[in-house]
Amino acid sequence: MELLPRSPTEFGSARYWDRFFRQRGQRSFEWYGAFPELCSVLHKYVRPRDKVLVVGCGNSELSEQMYDVGMCEDIVNIDISDAVICQMQERNGSKRPKMSYLLMDMLQMDFPDAHFQVVLDKGTLDAILTNEEEATLAKVDKMFAEISRVLQVGGRYLCISLAQAHVLKKAVEYFSQEGWVVRVHQVAGSGDKQQFVLPVFVYVMTKFRKIPGSALQILEICPEEQDKPMRVESAERLVAAVKDRQHYALLCSQLSKTPCREQVSLDLCDKESGRPRYTLHVVDSPSVKPSRDNHFAIFIIPQGRETEWLFGTEEGRRQLATSAGFGRLVTVALHREQHYEGMAGIQAELSGKVMELAPPGLPARQQVPFLSVGGDIGVRTVRHRDTSPLSGEYVVEDVKGDGTCYFRRLIFLRNRNVVQSEARLLAPTPPPGQKKRRKDKKKPNPAEPPAAIDKSYLCCEHHKAMIAGLCLLGGPGPLPALLAVLVVGLGGGSLPLFVHDYFSQAHVAVVEIDPSMLEVATRWFGFSQGDRMRVHVSDGLDYVAKLAAEVSVLPPAAPAQYDAIMFDVDSKDLTVGMSCPPPAFVEKPFLQKVKTILKPEGVFVLNLVCRDARLKEAVLATLREVFPLLYARHIEGEVNEILFCQLSSEGWRDPTELGTRARALEGALRQPGRPWDSSYVLADMLQAVKIL
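Residues numbered from 1 in each chain as written. Predicted model: local features only at pLDDT ≥ 70, side-chain atom pairs only at ≥ 80, totals over all residues. Heavy atoms only, no water.

1. As for the overall build of the chain
Turning to step 1, where the next piece is worked out: The helix and strand tally for the chain stands at 19 helices and 27 strands.
Turning to step 2, where the next piece is worked out: Buried residues in the chain amount to 51% of all 692 residues.
Turning to step 3, where the next piece is worked out: A fraction of 70% describes how many contacts in the chain between residues 6 or more apart in sequence connect residues 24 or more apart. (Helix = DSSP H or I, 4+ residues; strand = E, 2+ residues; numbered from the N terminus. Buried < 20%, exposed > 50% of the residue type's maximum accessible area, 1.4 Å probe, protein only. Contact = heavy atoms within 4.5 Å.)

This is how it looks when you write it as structure tokens:
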């Protein structure tokens with residue numbers, strides 16, 4: 001039996017609907033949204049004494065169910081199909097005497113003005129507004145005008161819809177321009193998940209008298225899990241908010257049917273502010289054999305550790321899921337702008353939502369475990385927050401690492417998953433003679449002086465590699481006693497500080513384009529200037545160009561200025577496939593200037609972070625044109641690659657000799673009374689170096 005129309009325009013034809021209902025017979029037809037699902041929303045806007053008009057009623061049981069539960073009885077149902085009106089009159093005549101069924105076209109109704117308190121539409125607008133052709137839009141305008149005419153001021157037009165973007169946009173724009181309040185409800189648990197994947201929405205348009213000249217629009221959305229509406233600023237934002245919920249429903253449907261080949265990421269937002277509260281990654285492990293107890297688990301990433309390789313990369317999360325032994329693992333990252341009431345509070349908040357991401361085959365009433373590192377949610381204290389004209393919004397925060405160590409981090413919020421700078425904090429030690437308190441329950445105050453920084457510890461693996469690269473200085477000869485080092489990019493200052501403190505005769509010049517970073521490094525990361533350490537607030541491109549120009553006018557015998565030049569500078573342009581350094585820093589004319597200010601036996605050390613394979617190959621080719629000898633050290637688990645560039649092709653080509661050199665340098669740096677991180681072995685850092 002063919003019930004579908006031959007074209008969308010037939011949805012507006014009385015002949016089509018007569019044929020439809022005759023062929024379907026007495027069986028009621030519900031497009032979507034059963035009464036139990038709609039009831040909670042309808043109860044908010046339909047009162048027992050209201051006079052209700054149902055447009056395009058068809059043979060839906062909705063009016064009958066509203067009548068039977070006592071929601072209201074004065075209900076008038078209209079439809080353009082004579083066949084269905086006869087069916088419904090016969091079905092309801094004596095059973096529901098206060099409810100009527102009339103043959104009437106909603107585009108030209110016979111009712112007087114302001115006759116109803118509620119107009120109810122279940123799928124009718126969706127059936128009419130099948131396209132955005134001029135004739136269709138004119139018909140919809142006529143429908144809206146008639147609904148507006150028969151509604152009293154303060155009356156509600158309730159439109160039950162699947163909220164296709166063009167349908168929602170048309171309704172919102174029309175009624176908001178008329179001065180009506182528009183609110184969109186997502187219906188909880190809407191639809192048969194096997195038949196209907198998309199959620200059902202109810203548009204609630206409340207009629208107000210239009211104020212001449214007023215442009216005020218009140219637009220709101222009510223997600224299914226909350227009663228309190230959220231205000232949105234425009235029709236576009238309202239449509240986007242609905243689209244987000246539709247995409248989420250499609251995602252949940254897909255995840256419930258098949259394992260996901262690629263990791264899925266989504267944000268769950270705070271109900272009040274609308275800002276991201278949780279970031280979820282869904283990771284499936286095909287290698288894990290499912291049993292009753294290992295189908296599904298949730299892993300809460302401790303605060304501040306979301307940037308670590310195990311939690312912050314696809315490969316790390318895949319390894320975590322496999323080692324945890326679950327077929328599907330959902331990792332949950334907590335956002336710094338949000339407050340959390342411990343593991344139990346998070347579990348209570350997420351339990352319902354994460355079950356929507358459950359894998360296929362999960363046994364009914366299966367207990368889903370919540371996992372974490374050490375069983376807690378970690379510690380994160382924001383010490384400082386500000387905005388820089390150059391770097392944008394940033395935060396300085398203290399986080400608890402693995403074990404008992406605490407770390408201080410600088411995060412640029414435009415790229416919040418990347419730690420810009422990091423330093424380990426020294427545990428506070430009581431003054432001599434004073435007993436150490438067992439536990440200080442006093443909450444840290446961001447206004448207090450910062451805790452002491454452990455300057456002997458390099459948190460960043462790429463910084464360790466950059467320091468190890470200084471073994472290349474001087475060629476096969478002895479390491480220069482006096483070092484002149486140029487560092488472009490300050491960050492928290494840990495790299496230049498380490499050079500300054502451990503190379504006791506080194507003179508370090510630092511170039512930083514952002515004055516805010518100098519203030520951050522000084523106040524929060526223990527950085528300080530002195531006779532052997534100077535910071536120049538300048539664009540690195542300009543500073544190097546100026547130095548190169550000065551060298552070019554010196555006599556030929558005059559030495560170049562620097563033994564080592566280190567670039568550790570990030571790009572502010574996130575659209576480029578290279579986040580460090582900015583592309584201009586690796587263009588050939590600029591690299592020639594770098595070469596000009598580098599001593600013949602010196603080393604140019606570059607932190608390269610490039611995800612674009614072609615761009616990376618082009619950068620390496622340009623470096624080879626300028627520097628005859630090029631070494632590379634890839635940082636395991638990260639995108640960073642440290643490049644060591646030298647002017648002489650007669651460098652260290654024997655790994656054994658380079659290892660000996662590294663051990664000698666490390667022995668010179670590890671002086672009695674000077675702290676040294678025992679896990680930092682220079683020879684190990686250079687073991688994986690390869691010549692390009």
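Following the structure, the description resumes.
2. So, the confidence of the model for the chain
Turning to step 1, where the next piece is worked out: Averaged over every residue, the pLDDT of the chain is 84; residues scoring 70 or more account for 87%.
Turning to step 2, where the next piece is worked out: Across residues 190-195, where pLDDT falls below 50, the model places five contacts with residues more than four positions away in sequence or in other chains.
Turning to step 3, where the next piece is worked out: Here residues 445-450 is modelled with pLDDT under 50, and outside its nearest four sequence neighbours on either side it reaches eight contacts, counting other chains as well. (pLDDT = per-residue confidence, 0-100.)

3. Some words on unusual backbone geometry
Turning to step 1, where the next piece is worked out: With an omega of -5°, the peptide bond running from Cys580 to Pro581 counts as cis.
Turning to step 2, where the next piece is worked out: Among the secondary structure elements, Pro581 is positioned in the loop between β23 (578-580) and α16 (588-597).
Turning to step 3, where the next piece is worked out: Despite not being glycine, Ala163 shows a phi value in the positive range, around 60°.

4. Focus: the sheet that holds strand β10 (residues 264-269)
By way of backbone hydrogen bonds, the strands of a sheet pair with one another, either parallel or antiparallel.
Turning to step 1, where the next piece is worked out: Ordered in space as β10-β11-β13-β12-β14, the five strands form an open sheet in which the pairing is mixed. Each of the sheet's edge strands pairs with one partner strand only, and the pair in question is β10 and β14 (370-372). Across this sheet, the average inter-strand angle for adjacent strands is 25°, counted without regard to direction.
Turning to step 2, where the next piece is worked out: Relative to β14, strand β12 (residues 296-300) runs parallel, the two being bridged by three bridges. Bridge pairing links Ile300 to Ser372 in β14. (Pairing = 2+ DSSP bridges. Axes fitted to C-alpha atoms, helices over the stretch in contact; angles between N-to-C directions.)

5. Concerning the pairing of strand β2 (residues 75-79)
Turning to step 1, where the next piece is worked out: For β2, a buried count of five out of five residues is recorded, marking the element as mostly surrounded by other parts of the structure.
Turning to step 2, where the next piece is worked out: Bridge count for strand β1 (residues 52-55) against β2 is four bridges, and the pairing is parallel. Each bridged residue has a counterpart across the sheet, and for Leu53 the counterpart in β2 is Val76.
Turning to step 3, where the next piece is worked out: Across four bridges, β2 lies against strand β3 (residues 100-103) in parallel orientation. Paired with Asn77 across the strands is Tyr101, a residue of β3.
Turning to step 4, where the next piece is worked out: For the crossover from β2 across helix α4 (residues 82-92) to β3, the handedness is right-handed. (Right-handed = clockwise from strand over helix to strand, strands pointing away.)

6. Let's talk about helix α13 (residues 494-502)
Owing to its 3.6 residues per turn, the α-helix brings residues three or four apart onto one side.
Turning to step 1, where the next piece is worked out: With eight of nine residues buried, α13 lies mostly within the body of the structure.
Turning to step 2, where the next piece is worked out: Among the residues of α13, those classed as buried are Ser494, Leu495, Pro496, Leu497, Phe498, Val499, His500 and Tyr502.

7. Topic: the side chain of Gln303
Turning to step 1, where the next piece is worked out: For Gln303, the location among the structural elements is in the loop between β12 and α9 (309-312).
Turning to step 2, where the next piece is worked out: If we ignore the near neighbours within four places in the chain, the residues touching Gln303 are Leu334, Tyr340, Ile377, Gly378, Val379, Arg380, Val399 and Lys400.

8. A look at the nonpolar core
Turning to step 1, where the next piece is worked out: Ranked by internal contacts, the top residues of the largest apolar core, which has 47 residues, are Ile467, Phe503, Phe527, Val603, Phe644, Tyr680 and Leu682.
Turning to step 2, where the next piece is worked out: Per-element accounting of this core gives the leading share, five residues, to α13. (Core = buried A, V, L, I, M, F, W, Y, C linked by side-chain atoms within 4.5 Å.)

9. Quick word on the environment of Val499
Turning to step 1, where the next piece is worked out: With respect to the helices and strands, the residue Val499 is situated in helix α13.
Turning to step 2, where the next piece is worked out: Expressed as a C-alpha distance, the spacing of Val499 and Val485, which sit 14 residues apart in the sequence, is 8.4 Å.
Turning to step 3, where the next piece is worked out: Apart from residues no more than four positions distant in its own chain, Val499 is found in contact with Ile467, Val485, Ala506 and Val508.

10. Notes on the sheet that holds strand β16 (residues 392-400)
Turning to step 1, where the next piece is worked out: Taken in spatial order, the four strands line up as β15-β16-β17-β18 in an open sheet, and their pairing is antiparallel. Since the sheet does not close on itself, it has two edges, and those belong to β15 (380-388) and β18 (419-424), each with one partner. Strand-to-strand twist in this sheet, taken as the mean axis angle between neighbours without regard to direction, amounts to 15°.
Turning to step 2, where the next piece is worked out: In this sheet, strand β17 (residues 406-412) lies alongside β16 in antiparallel orientation, the contact comprising seven bridges. Paired with Asp398 across the two strands is Arg408, which belongs to β17.
Turning to step 3, where the next piece is worked out: The strands that helix α14 (residues 515-524) touches are β15, β16 and β17; relative to β16, the one it contacts most, it runs at about 20°.

11. A look at the packing of α16 against helix α17 (residues 613-626)
Turning to step 1, where the next piece is worked out: Close contact between α16 and α17 brings their axes to 10 Å; oriented N to C, the two are set at 40°. Considered as vectors, α16 and α17 are oriented oblique to each other. The element α16 and its partner α17 pack so that their crossing is right-handed. Along its contact with α16, which presents Lys588, Leu591, Gln592 and Lys595, the element α17 presents Thr622, Leu623, Glu625 and Val626.
Turning to step 2, where the next piece is worked out: When grouped by side-chain class, the residues that make up the contact of α16 with α17 number three nonpolar, two polar and three charged. (Parallel < 35°, antiparallel > 145°, perpendicular 65-115°, else oblique. Left-handed = near helix turned anticlockwise from the far one by under 90°. Nonpolar A, V, L, I, M, F, W, Y, C, P; charged D, E, K, R; others polar.)

12. Focus: the pairing of β16
Where a strand is regular, its side chains alternate between the two sheet faces.
Turning to step 1, where the next piece is worked out: As paired strands, β15 and β16 are joined by eight bridges and run antiparallel to one another. Note on β16: the bridge partner recorded for Arg385 is Val395.
Turning to step 2, where the next piece is worked out: In textbook terms, the turn of a hairpin is the stretch between consecutive antiparallel strands, and for β15 and β16 this stretch comprises three residues.
Turning to step 3, where the next piece is worked out: Between the antiparallel neighbours β16 and β17 lie five residues, among them Gly403 with a positive phi of about 90°.

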